[in-house]
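# Observations on the three-dimensional arrangement
Spelled out, the chains give:
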Amino acid sequence: MTHPTVPLRLYVGIFVGLILLTGLTVGIAFFDLGGGRLHAVNAIAAITIAITKALLVVLYFMHIRYSNRLTWVFAGAGVFWLLILIVLTLADYLSRGWLPLPRPWSS
Amino acid sequence: MSDHIPQVAHQFEDATQQYETATLGMWAFLITEIMFFGGLFAGFFVYILAHAQAFAEGSRHLDLTLGTINTVVLLGSSLTMALAVRSAQEGNRNGQMLFLVLTILLGLAFLGIKGVEYAHKFEQHLVPGPQFRLEGPHAQSAQLFFSFYFAMTGVHALHMVIGVGLLAWLLVNAWRGRYTPAYFTPVEVCGLYWHFVDVVWIFLFPTLYLVARHA
């Protein structure tokens, strides 16, 4: 029933991984990895590490890895809707100025 | 009726079905929480694109050392929470109580460090409002950054306070021996909530303390 008992070693291993990733993300924040005015490479690296950490917590600490398919669908739906929120918003704001502004109609 | 655990409500076939229903319900709640925090993050991303330099300036005024320590403290509390659930699952009452106490202490440590950070911001006049003082050309937009900082970390801290309350309730019930290997659903469900609050911080920390620093 429920989920299998997760080995103690695995939990401690996940924790050590999370700490190492925290050190990595703080470390690279001191270097300018490039990517123009917005330092896009730094931002992408930090977000990638954060997503990796979140996945470790969700899959193992929150037992999603051992949960049934319906729970997978619920958690996935939450992430999917979050992506709609973030991606569609940024698709607007990031792309502003890429095309010349249309001239107002002249009468 | 395959088993006769007193805590299983009459509408459920067995403890497993009740457990799966409860965790699924918790996930449904957590989805609404994802949307709640997601809106704050989306707003932050929009404004950092418009005020990149001011947000970098504001971010540099945050205490990276305390922020990093708090990240480690919160990750540690997630580990002890996971071990509390594991102890409950194994029927280890003492281990369960020990790890719940450790989780509460780490949660309070996080809130204490956050309080120290807030106090520094008040002393440095970095709290948005009439007292806000910042030299340089970006003062006005930097105030926006601190509005986001206090709103996002404040709402997160409120979730932590609620979480500590839930853990205290679990601790009392664990002490009374309410949770057994056949029934530890409340421990698991509160654990889901606690880990979720940890995940929010996993994104808040780089967003406020790191990404904004270089932008």
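Residues numbered from 1 in each chain as written. Chains lettered and ligands numbered in written order. Predicted model: local features only at pLDDT ≥ 70, side-chain atom pairs only at ≥ 80, totals over all residues. Heavy atoms only, no water.

### Concerning the packing of helix 4 (residues 93–123) of chain B against helix 5 (residues 139–175) of chain B
Residue and element names in this part refer to chain B.
- With their axes 10 Å apart at the nearest point, helix 4 and helix 5 run at an angle of 155° to one another. On the basis of the axis angle, helix 4 is roughly antiparallel to helix 5. Considering how the two elements wind past one another, helix 4 and helix 5 form a crossing that is left-handed.
- Split by residue class, the contact of helix 4 with helix 5 holds 21 nonpolar, 6 polar and 4 charged. (Axes fitted to C-alpha atoms, helices over the stretch in contact; angles between N-to-C directions. Helix = DSSP H or I, 4+ residues; strand = E, 2+ residues; numbered from the N terminus. Parallel < 35°, antiparallel > 145°, perpendicular 65-115°, else oblique. Left-handed = near helix turned anticlockwise from the far one by under 90°. Nonpolar A, V, L, I, M, F, W, Y, C, P; charged D, E, K, R; others polar.)

### Let's talk about the interface of chain A and chain B
- Contact with chain A, which involves 50 residues of that partner, is made by 50 residues of chain B.
- Carbon and sulfur atoms supply 81% of the area buried between chain A and chain B, which totals about 4400 Å² over both sides.
- For the interface between chain A and chain B, the tally reads 0 salt bridges.
- Counting the contacts that link chain A with chain B gives 4 residue pairs in polar contact (both at pLDDT 80 or more).
- Mapped by element, the contributors of at least two residues to the side of chain A that touches chain B are helix 1 (8–28), helix 2 (40–61) and helix 3 (69–95) of chain A.
- Sorting elements by how many residues they give to the side of chain A that touches chain B places helix 3 of chain A first, with 13 residues.
- The residue inventory of the side of chain A that touches chain B, partitioned by class, reads 35 nonpolar, 12 polar and 3 charged. (Contact = heavy atoms within 4.5 Å. Buried area = accessible area lost by both parts, 1.4 Å probe. Salt bridge = Lys/Arg side-chain N within 4 Å of Asp/Glu carboxyl O. Polar contact = N/O pair within 3.5 Å; in protein donor to acceptor, adjacent residues only side chain to side chain.)

### Here's the deal with the nonpolar core
- Of all hydrophobic cores here, the largest spans 92 residues; its most connected members are Phe44(B), Phe145(B), Tyr149(B), Leu208(B) and Tyr209(B).
- Elements represented by at least two residues in this core include exactly helix 1, helix 2 and helix 3 of chain A together with helix 1 (15–50), helix 3 (64–90), helix 4, helix 5 and helix 6 (185–214) of chain B.
- Considering every element that reaches this core, the biggest residue donor is helix 6 of chain B, with 18 residues.
- Both domain 1 (1–66) and domain 2 (68–97) of chain A contribute no fewer than three residues apiece to this core. (Core = buried A, V, L, I, M, F, W, Y, C linked by side-chain atoms within 4.5 Å. Buried < 20%, exposed > 50% of the residue type's maximum accessible area, 1.4 Å probe, protein only. Domains from an automatic or database assignment.)

### Overview of unusual backbone geometry
- Backbone geometry places His63(A), a non-glycine residue, at a positive phi of 60°.
- By secondary structure assignment, the location of His63(A) is in the loop between helix 2 and helix 3.
- Notably, His125(B) is not glycine yet its phi reads approximately 55°, a positive angle.
- With respect to the helices and strands, the residue His125(B) is situated in the loop between helix 4 and helix 5.
- For His125(B), a relative accessible area of 34% translates into the label partly exposed.

### Some points on the domain arrangement of chain A
Residue and element names in this part refer to chain A.
- Domain annotation for chain A reports domain 1 (1–66) and domain 2 (68–97).
- Between the C-alpha centres of domain 1 and domain 2 there is a distance of 19 Å.
- Counting from both sides, the interface comprises 4 residues of domain 1 and, opposite them, 4 residues of domain 2.
- Buried area between domain 1 and domain 2, both sides added, is near 290 Å², and the carbon and sulfur share of it is 76%.
- Linking domain 1 to domain 2 there are 0 salt bridges.
- Linking domain 1 with domain 2 are 1 residue pair in polar contact (both at pLDDT 80 or more), by the criterion used here.

### A short note on the layout of surface pockets
- Empty space within the largest pocket amounts to approximately 1200 Å³.
- The set of elements that each furnish at least two residues to the lining of the largest pocket consists of helix 2 and helix 3 of chain A together with helix 1 and helix 6 of chain B.
- Examining the composition of the lining of the largest pocket, we find that 10 residues originate from one element, helix 3 of chain A, more than from any other.
- Broken down by class, the residue content of the lining of the largest pocket amounts to 34 nonpolar, 3 polar and no charged.
- Both of domain 1 (1–66) and domain 2 (68–97) of chain A provide at least three residues apiece to the lining of the largest pocket. (1 Å grid on protein atoms, 1.4 Å probe; cavity = no way out; pocket = protein on both sides within 12 Å on 5 of 7 lines; lining within 4 Å. Points joined across faces, edges and corners; volume = space filled by probe spheres on them.)

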